[in-house]
Amino acid sequence: MIRRAVYPGSFDPPTEGHLNIIRRGLALFDELVVAVATNTSKNTIFTPEERAALLKSLFPKEKKIRIDYFHGLLVDYVREKKASVILRGIRTMSDYEYEFQMALANKSMAPELETVFMMTEGRYSHISSSIIKEIMRFGGKGKDMIPPLVETALRKKLNS
Ligand code: ADP
């Protein structure tokens, strides 16, 4: 049986923290579906198509990764993809509280699915999409926080 996991998120934009979770996830699962949320309540700067395109260009040759979109209930999407695991990352205690609630809610709706959490590696713990947008908006650099092609796309977006 194929071990397929879904890694859902806003990825607005994808960061080195996200990439680290994806790379480590690949070691655990046969297939990883990176699912861009289209109905997030967050105010996004990139469209879902742009976010998916960035993710695709970061992993051009990786056969175990699928980039996709989801809207509506995550558990419905995960079932539809015939995956058994939801992969999420944790940086801080505040992530933990939110993730814990979501995992419990998902478990009560879909007991057959497991949420697997990966702790951030220390050097990524301060990285979030919103912090990066804030830094770049005020003229800072995204070095070590986002890949160069994401930095270029973000700079272009902020200047447009
Ligand atoms: P969402 O809006 O679903 O929280 P995000 O794109 O902000 O989407 O994050 C997707 C997932 O990646 C979440 O589980 C989040 O905790 C995790 N994540 C984000 N940044 C990091 C990081 N620097 N290290 C580890 N996990 C991270």
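Up top you'll find the structure we're talking about.
The following paragraphs examine the structure supplied in this document. This structure is a prediction, so every number in the text was calculated from the model and none was measured. (Residues numbered from 1 in each chain as written. Predicted model: local features only at pLDDT ≥ 70, side-chain atom pairs only at ≥ 80, totals over all residues. Heavy atoms only, no water.)

### A few points about the pairing of strand S3 (residues 65-70)
- Across six bridges, strand S2 (residues 31-37) lies against S3 in parallel orientation. Bridge pairing in S3 places Val 36 opposite Tyr 69. (Pairing = 2+ DSSP bridges. Helix = DSSP H or I, 4+ residues; strand = E, 2+ residues; numbered from the N terminus.)

### Here we look at the site of the ligand
- Surveying the vicinity of the ligand reveals 18 residues, the closest of which are Tyr 7, Ser 10, Lys 42, Gly 89 and Tyr 124.
- A distance of 3.1 Å is found between a nitrogen atom of the ligand and a side-chain nitrogen or oxygen belonging to Thr 120.
- For the ligand, the protein covers 92% of the area, taking 550 Å² as the surface of the free molecule.
- The pocket occupied by the ligand, as judged from atoms lying within 2 Å of grid points, is the largest pocket.
- Only strand S1 (4-9), helix H1 (16-28), strand S4 (85-90) and helix H4 (93-109) provide two or more residues apiece to the shell around the ligand.
- Grouping the constituent residues of the shell around the ligand by class yields seven nonpolar, six polar and five charged. (Near = heavy atom within 4 Å. Polar contact = N/O pair within 3.5 Å; in protein donor to acceptor, adjacent residues only side chain to side chain. Areas by Shrake-Rupley, 256 points an atom, 1.4 Å probe, with all protein chains shown as cover. 1 Å grid on protein atoms, 1.4 Å probe; cavity = no way out; pocket = protein on both sides within 12 Å on 5 of 7 lines; lining within 4 Å. Sits in = over half its atoms within 2 Å of the grid points. Nonpolar A, V, L, I, M, F, W, Y, C, P; charged D, E, K, R; others polar.)

### What to know about a nonpolar patch on the surface
- Together, Met 93, Tyr 96, Phe 100 and Leu 104 make up an exposed nonpolar region whose accessible area comes to about 430 Å².
- Position of Leu 104 among the secondary structure elements: in helix H4. (Patch = residues over 30% accessible without salt bridge, like charges linked within 9 Å, V, L, I, M, F, W, Y side chains within 5 Å. Salt bridge = Lys/Arg side-chain N within 4 Å of Asp/Glu carboxyl O.)

### Thoughts on the packing of aromatic side chains
- Under the counting rule described, the total for this entry stands at three aromatic pairs.
- Between Tyr 7 and Phe 11, the aromatic rings sit 5.2 Å apart at their centres with planes inclined by 75°, giving edge-to-face as the arrangement. The same class applies to Tyr 7 as to Phe 11, namely buried.
- Both rings, one in Phe 70 and one in Tyr 77, keep their centres 5.6 Å apart while their planes meet at 35°; by these two values the pair is tilted. Take Phe 70 and Tyr 77: they sit in the same class, and that class is buried. (Phe/Tyr/Trp six-rings, centres within 6.5 Å; stacked < 30°, edge-to-face > 60°. Buried < 20%, exposed > 50% of the residue type's maximum accessible area, 1.4 Å probe, protein only.)

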